[in-house]
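Architecture at a glance
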Amino acid sequence: MLETLRERIEGPLRSRLEPVVAWLAARQVTPNQVTLAALAVSALAAVLIAFGWLRLGALVLIVASLGDLVDGMLARSTDQASPFGAFFDSTLDRIGEGAVLAAVAYHFAVADRPLLVALVVVALLGSLLVSYTRARAEALGVDCKVGLMSRAERLVLVIAGLLLGLLGPAIAAMAVLSLYTVGERMAHVRDALEDIDS
């Protein structure tokens, strides 16, 4: 269901971004350069969020997420897709997500809301564990894209919270659902490995 929803959102976006990808390809911009630019835009969003410009930060974060789509499209269209490129992209994605969550924690700390700061830490831990469980599973030869709260869903949740003035509930939901996703992935890997052994 979530995969279908993501496809419904990304499909029209990809078609609209194709002219941008063609423009970048014509100017010999590399996918890694786009990835770096997306990280810089994420960092800008983090600064805006930290200083209380939540809705503007959300809009800048949307631009950064579009860059995350563009780098993959550019890599495929120019035959520059590579294992290192995928590694570089996913590593910088984690950095960008961490910067945004750190900014959210700072925003809550300035507002003297320690419980929400703690929830941001749990959400960050959950998001890192979601990525780690997939990476560790794939190192064991198990495909592990299952689960409710992958990076795309986490990003949508944070952006919605910023835009709607519901950042606290969004972070609480992210913390709970990310840890739930970790449990889903652990169960999936256990079952997959048991099937291999049997």
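One structure accompanies this document, and this report is about it. (Residues numbered from 1 in each chain as written. Predicted model: local features only at pLDDT ≥ 70, side-chain atom pairs only at ≥ 80, totals over all residues. Heavy atoms only, no water.)

Moving on, we get to the side chain of Thr181. Here Thr181 is to be found in helix α7 (residues 167-197). Aside from chain neighbours lying at most four places away, what touches Thr181 is Val130, Val146, Gly147, Leu148 and Met149. (Helix = DSSP H or I, 4+ residues; strand = E, 2+ residues; numbered from the N terminus. Contact = heavy atoms within 4.5 Å.)

If a probe the size of a water molecule is rolled over the atoms, the empty space left behind becomes visible. Per the stated rule, a full pass over the model turns up one cavity of 30 Å³ or more. Reported here for the largest cavity is a volume of approximately 220 Å³. For the lining of the largest cavity, the elements supplying multiple residues, two or more each, are α2 (31-50), α3 (54-77), α4 (83-110) and α6 (151-164). If you tally residues by element for the lining of the largest cavity, the top one is α4, at seven residues. (1 Å grid on protein atoms, 1.4 Å probe; cavity = no way out; pocket = protein on both sides within 12 Å on 5 of 7 lines; lining within 4 Å. Points joined across faces, edges and corners; volume = space filled by probe spheres on them.)

This paragraph deals with the packing of α2 against α3. In contact at an axis separation of 8 Å, α2 and α3 are set at 170° when each is read in the N-to-C sense. Between α2 and α3, the interaxial angle falls into the category roughly antiparallel. For the contact of α2 with α3, the residue count by class is 17 nonpolar, four polar and two charged. (Axes fitted to C-alpha atoms, helices over the stretch in contact; angles between N-to-C directions. Parallel < 35°, antiparallel > 145°, perpendicular 65-115°, else oblique. Nonpolar A, V, L, I, M, F, W, Y, C, P; charged D, E, K, R; others polar.)

In terms of nonpolar packing, the biggest core is built from 26 residues, with Leu61, Leu162 and Ile171 touching the most fellow members. Breaking this core down by element, the ones donating at least two residues are α2, α3, α4, α5 (114-139), α6 and α7. With residues up to four places along the chain from it excluded, the contact list for Leu162 reads Ile49, Leu54, Arg55, Ala58, Leu61 and Leu167. Membership of the second largest hydrophobic core comes to eight residues, among which are Leu24, Val70, Met73 and Leu74. (Core = buried A, V, L, I, M, F, W, Y, C linked by side-chain atoms within 4.5 Å. Buried < 20%, exposed > 50% of the residue type's maximum accessible area, 1.4 Å probe, protein only.)

Considered as a void within the structure, the second largest pocket measures approximately 160 Å³ in volume. Only α1 (2-26), α2 and α3 provide two or more residues apiece to the lining of the second largest pocket. Top element by residues in the lining of the second largest pocket is α3. It accounts for five residues. The residue makeup of the lining of the second largest pocket, split by class, is eleven nonpolar, one polar and no charged.

The next point concerns the packing of aromatic side chains. Scanning the entire structure with this criterion turns up three aromatic pairs. The rings of Phe84, Phe87 and Phe88 are connected pair by pair, giving a single aromatic cluster. (Phe/Tyr/Trp six-rings, centres within 6.5 Å; stacked < 30°, edge-to-face > 60°.)

Our focus in this paragraph is α3. A rise of 1.5 Å per residue sets the reference length of α3, with its 24 residues, at 34 Å; its end C-alpha atoms lie 35 Å apart and thus fit the reference within 8%. The positive-phi residue at the C-terminal boundary of α3 is Asp79, with phi of around 60°. (Expected span 1.5 Å × (residues − 1).)

Residue placement: Ala99 occurs in helix α4. Put simply, Ala99 and Leu39 are 60 residues apart on the chain and 9.5 Å apart in space, counted from C-alpha to C-alpha.

What follows is about α2. An α-helical turn contains 3.6 residues, so any two residues separated by three or four positions project in the same direction. Here α2 is 20 residues long and its end C-alpha atoms lie 29 Å apart, about the 28 Å a rise of 1.5 Å per residue gives. Those residues of α2 not exposed but buried are Pro31, Val34, Thr35, Ala38, Ser42, Ala45, Ala46, Leu48, Ile49 and Ala50. Phi turns positive one or two residues past the end of α2, at Gly52, with a value near 95°.

Let's shift gears to a nonpolar patch on the surface. Together, Val47, Phe51, Trp53, Leu56, Leu59, Ile62, Tyr106, Val110, Leu163, Leu164 and Leu166 make up an exposed nonpolar region whose accessible area comes to about 1,100 Å². Going through the elements one at a time, α3, α4 and α6 are the ones with two or more residues in the nonpolar patch. Here the element with the most residues in the nonpolar patch is α3; it accounts for three residues. The topology assignment puts Val110 in helix α4. Taking the relative accessible area as the measure of exposure, Val110 reaches 59% and is therefore exposed. (Patch = residues over 30% accessible without salt bridge, like charges linked within 9 Å, V, L, I, M, F, W, Y side chains within 5 Å. Areas by Shrake-Rupley, 256 points an atom, 1.4 Å probe, with all protein chains shown as cover. Salt bridge = Lys/Arg side-chain N within 4 Å of Asp/Glu carboxyl O.)

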